[in-house]
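Geometric and topological summary
Residues per chain are reported as follows:
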Amino acid sequence: MNSDQSKIGTSLTPVIQNEYHNNSALDEFHVISQSKIGKYEALRYRYLKEHKQRLFLELFFQDKLGEHLRTVEQSARNRLDQIMRCLLARHPAPDPKTSPLTWVWHMNQLKEQAHAIVVSELIYN
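Bear in mind the structure is a predicted one, so any value in this text is a computation, not a measurement.

Considering the environment of L88
- Mapped onto the secondary structure, L88 falls in helix α5 (residues 65-90).
- Each C-alpha atom of the pair L88 and L110 lies 7.7 Å from the other, and the pair is 22 residues apart in sequence.
- Residues within four places of L88 in sequence aside, it is in contact with A93, M107 and L110.

Comments concerning helix α3 (residues 39-51)
- Relative to the 18 Å expected for 13 residues at 1.5 Å per residue, α3 spans 18 Å between its end C-alpha atoms, a close match to the ideal helical length.
- Those residues of α3 lying buried are Y40, E41, R44, Y45, Y47 and L48. Buried residues of α3 fall within an arc of 165° about the axis and therefore sit on the same side.

Side note on the side chain of H115
- Mapping H115 onto the fold places it in helix α6 (residues 100-123).
- What H115 contacts, discounting residues up to four positions off in sequence, is K39, Y40, L43 and L80.

Regarding unusual backbone geometry
- Even without being a glycine, D63 presents a positive backbone phi close to 60°.
- Along the chain, the position of D63 falls in the loop between α4 (53-61) and α5.

Some points on the pattern of salt bridges
- Under the definition given, this model contains three salt bridges.
- Here E50 makes a salt bridge to R46, at a shortest N to O gap of 3.2 Å. Of this pair, E50 and R46 both sit in helix α3, four residues apart, which is roughly one turn of the helix.
- The exposure class assigned to E50 is partly exposed, which follows from its relative accessible area of 45%.
- We note a salt bridge from R77 to E73, for which the minimum N-O separation is 2.6 Å. Highlighted residues: R77 and E73, both in helix α5, separated by four residues, approximately one helical turn.
- What makes R77 partly exposed here is its relative accessible area of 37%.

Rules and cut-offs
- Residues numbered from 1 in each chain as written.
- Predicted model: local features only at pLDDT ≥ 70, side-chain atom pairs only at ≥ 80, totals over all residues.
- Heavy atoms only, no water.
- Helix = DSSP H or I, 4+ residues; strand = E, 2+ residues; numbered from the N terminus.
- Contact = heavy atoms within 4.5 Å.
- Expected span 1.5 Å × (residues − 1).
- Buried < 20%, exposed > 50% of the residue type's maximum accessible area, 1.4 Å probe, protein only.
- Arc of directions from axis to C-beta.
- Salt bridge = Lys/Arg side-chain N within 4 Å of Asp/Glu carboxyl O.

Shape is all these values report; function is a separate question.
Next up, the structure:
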């Protein structure tokens, strides 16, 4: 044992090792196929893992994390469609046949606004 370890004490070392080991074990055991996961599922998973660790672990160990993520994905997609319809009613898009680039720009702007709303309401909540 070197002098740095003796200053820290032996009681802290196992705690740090166990926390590291448990986090890496979670990553190994909870593998989500990237081809099957949705955009909002991935955002919610990352948010829970990084900022709501207690809830993440609770859902994980109760084997409800996948169900929770699928529910969030479905809710987010439904909400996105609903918001897009409302935004299009308030701000109609130009005719795509006469000005296709303006139409694409307009639709991208609306989609970005809707995405920001969905993320704040359902993902980071």
